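A structural walkthrough
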Amino acid sequence: MSAPETSDAPLAFATRQLHAGARGFDAHGARATPIYLTAGFEFDDLGDGEARFADPDTGYSYPRVGNPTAAAAERRVADLEGGIGALLVGSGQAATTTALLTILEAGDHVVAASGIYEGTRELLRSDLGRLGITTDFVADPRDPGAWEAAIGPHTRALVAESIANPRGGVLDVPAVAAIAHRHGIPLIVDSTLATPYLLRPLELGADIVVHSASKFLAGHGTALGGVVVDGGRFRWDAVPGRFRQIAGERGPDGRTFVERSGERAFLSAARRIAMRFGPAPSPLNAFLLLQGIETLSLRVERQSGTAAQLAAWLERRPEVVGVDYSGLPSHPDHDLAVRLLPHGRGALFSFTLAGGRAAAAAFTDAVRLFTPMTHLGDVRSLVLHPASTTHAQRADDELERIGIGPGLLRLSIGLEDAADLIADLDRGLAAAAAAVPARELEAVPA
Ligand SMILES: *Cc1c(COP(=O)(O)O)cnc(C)c1O
């Protein structure tokens, strides 16, 4: 695959989100990235087919392995994250699964942050658990000692989110990366909520970044996608016997991925794994993702700014018992957010209503601009009740321990006018208060 370059001079983020990876590779000169809707690519001759099969970088063959539209999106995300390359797949879950299956085998152990995305948590606990890969969850990811203590002789990956969902915890990426590297283990960061505009984990020491591109990267809420980005610095062959699929197994040419692909070993192995498991992205979705990324910094800057305004407004309201937003001084990770998130603290936060589930239900029914749905990072503002949806399979005492009570609502702030959103929140709070008479409030768990 020829990789058309943009410029050697360092360009700013806002410029790269428009230009990186998608310049000058269409034979007809189309300026927008064409959508290559094809189930295959012609071989020039028998030898050409053989070459493309042996090395996908020689040219496209079958779109499960690679597609020019997807490749443009891969180059752009890799550029924005500061990685050496990326792999686009059909969803965020496919990205996480591909990254983990590239690294892990039966008998391996993972240490993950307890507040990780519920889909990832269940993947680790249930599905990978069934395949003989065990996971321990760090109850307090802000305690470096807890990560250190959870690492055992078979630990092969640390997994966390740069900004955690729904309570907005911020990962001390440099501290956790340092612990991982002391043990010869890669740190995988799900950076969906931060986006490369707010935080670039690879620059802070992480080794692999995964995204649900369905969220902020696309932004328009019209397509699913996932990306795995490789930092290219982790030494997979540093400890003999580890990371067998990348540094141990030999291909038909007698070489391991490390020997064949050097710093791109993980990425090449991930592409091979993805080719076999089949989470190929639709070229149309790759195009939609590229369209979305063109406005990423503008959206996230504005959405974060509005989120900060709304979070501060909610914190002053008597109907609200607490707001979890790292942009507020009341958040336990506020100092980390100031240090690691100078361009904004993200567009997602949660708040807890006095009055528990009844208040949350009344609020959700009353708001007109906030759409009740399980999605985030959309240009439209969204509201979700985690205790009855994303976290419904957790026991009540567990939910209480992790601070996701029946009165907690998660908001994803869109691009609407801030004053209109505040008026909508006001409408929701009035309904919440009316649903739970004041004299009953003290008896209701928030
Ligand atoms: C949505 C999400 C995922 C899963 O992504 P899909 O595109 O829905 O498969 C993973 N991690 C985080 C943080 C998410 O918000």
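Below: a short report on this structure. Position labels on residues start from 1 in each chain and follow its written sequence. In view of the model being predicted, local features appear only for residues whose pLDDT reaches at least 70, and side-chain atom pairs are presented and counted only at 80 or more, with totals across whole chains, interfaces and linings using the full set of residues. In computing side-chain values, all of the structure's heavy atoms are included and hydrogens and water are not.

1. Examining unusual backbone geometry
Apart from glycine, the bulk of residues carry a negative phi angle, and the bulk of peptide bonds sit in the trans form. Heads up, the condition is: For helices the rule is a DSSP run of H or I covering at least 4 residues; for strands it is a run of E covering at least 2, with both sets numbered from the N terminus onward.
Here Asn 165 and Pro 166 are connected by a cis peptide whose omega angle stands at 5°. You can see Pro 166 is positioned in the loop between strand E4 (155-161) and helix H7 (173-182). Not every positive phi belongs to a glycine, and Phe 243 is a case in point at roughly 50°. Its place among the elements puts Phe 243 in the loop between strand E7 (226-230) and helix H9 (244-248).

2. Regarding the packing of helix H4 (residues 92-103) against helix H11 (residues 265-277)
We apply this condition: Lines are fitted to the C-alpha atoms to define the axes, a helix being fitted only along its stretch in contact, and any angle between axes, read from their N-to-C directions, falls within 0 to 180 degrees. Working definition: roughly parallel below 35 degrees, roughly antiparallel above 145 degrees, roughly perpendicular at 65 to 115 degrees, and oblique for all remaining angles. By definition, turning the near helix anticlockwise from the far helix through less than a right angle yields a left-handed crossing, and turning it clockwise yields a right-handed one. Contact criterion: two residues are considered in contact whenever any of their non-hydrogen atoms come within 4.5 Å of each other. Residue polarity follows a fixed list, in which Ala, Val, Leu, Ile, Met, Phe, Trp, Tyr, Cys and Pro are nonpolar, Asp, Glu, Lys and Arg are charged, and the others, Gly among them, are polar.
For the pair H4 and H11, interaxial distance at closest approach is 9 Å and the crossing angle is 115°. On the basis of their axis angle, the class for H4 and H11 is roughly perpendicular. Here H4 and H11 pass one another in a crossing that is right-handed. Contacts between H4 and H11 involve Thr 98, Ala 99, Leu 101, Thr 102 and Ile 103 from the first element and Phe 266, Ala 269, Ala 270, Ile 273, Ala 274 and Phe 277 from the second. Across the contact of H4 with H11, the residue classes break down as nine nonpolar, two polar and no charged.

3. Comments concerning the site of the ligand
The line we're drawing: By convention in this text, a residue qualifies as near a molecule or strand provided that one of its non-hydrogen atoms is within 4 Å of it. Definition of a polar contact: a pair of N or O atoms within 3.5 Å, with one able to donate and the other able to accept a hydrogen when the atoms are protein atoms, and with sequence-neighbouring residues admitted only if both atoms are side-chain atoms. Shrake-Rupley sampling with a 1.4 Å probe provides the accessible areas, and residues are treated as covered by the protein chains on show and by no other component.
If you check the shell around the ligand, you find 13 residues, and the closest are Gly 92, Asp 190, Ser 212, Ser 214 and Lys 215. Here Asp 190 contributes a side-chain N or O atom positioned 2.6 Å from a nitrogen atom of the ligand. Protein chains bury 92% of the 380 Å² of accessible surface belonging to the ligand in isolation. Looking at side-chain class alone, the shell around the ligand contains three nonpolar, seven polar and three charged residues.

4. Some remarks on the sheet that holds strand E1 (residues 85-89)
Cut-off, in case you're wondering: One requirement defines pairing of two strands: DSSP has to find at least two bridges between them.
Pairing is mixed in the open sheet, where seven strands are placed in the order E1-E7-E6-E5-E4-E2-E3. In this open sheet, the two edge strands, each paired with only one partner strand, are E1 and strand E3 (134-138). Going from strand to strand, the sheet's axes swing by 20° on average, the running direction of each strand aside. Bridge count for strand E2 (residues 109-113) against E4 is four bridges, and the pairing is parallel.

5. So, the pattern of salt bridges
Going by this rule: Only one rule defines a salt bridge in this text: a Lys or Arg side-chain nitrogen within 4 Å of an Asp or Glu carboxyl oxygen. Throughout, exposure labels follow a simple rule: accessible area from a 1.4 Å probe, protein chains only, divided by the maximum for the residue type, with under 20% read as buried, over 50% as exposed, and the rest as partly exposed.
Taken as a whole and judged by the stated rule, the model has 25 salt bridges. Between Asp 324 and Arg 167 there is a salt bridge; the shortest N-O distance is 3.0 Å. One end of the pair, Asp 324, is in strand E8 (residues 320-324); the other, Arg 167, is in the loop between E4 and H7, with 157 residues separating them in the sequence. For Asp 324, a relative accessible area of 11% gives the class buried.

6. Description of the nonpolar core
As a reminder of what qualifies: In these notes, a set of buried Ala, Val, Leu, Ile, Met, Phe, Trp, Tyr and Cys residues joined through side-chain atoms within 4.5 Å is what counts as a nonpolar core. Here the bounds of each domain stem from an automatic or database domain assignment.
Core analysis: the largest hydrophobic core is formed by 83 residues, its most contacted members being Trp 147, Leu 314, Phe 349, Phe 351, Leu 353 and Phe 363. Of the residues forming this core, the biggest block, seven residues, is contributed by helix H13 (residues 296-315). When residues of this core are assigned to domains, at least three map to each of domain 1 (13-293) and domain 2 (297-442). For Trp 147, the contacting residues outside a window of four places in its chain are Val 111, Ala 112, Ala 113, Val 138, Pro 141, Leu 158, Val 159, Ala 160, Leu 171, Val 176 and Ile 179. Of all hydrophobic cores here, the second largest spans 35 residues; its members include Ala 94, Val 110, Val 228 and Phe 243.

7. Some thoughts on helix H12 (residues 283-293)
Along H12, the residues that are buried comprise Pro 283, Ala 286, Phe 287, Leu 289, Leu 290, Gly 292 and Ile 293. If you follow the buried residues of H12, they end up packed against helix H1 (13-19), helix H3 (68-81), E1 and H13. Of the residues flanking the start of H12, the one acting as N-cap is Ser 282, its side-chain oxygen 3.1 Å from the backbone nitrogen of Leu 284.

It is worth stressing that arrangement in space is one thing and function is another; only the former is reported here.
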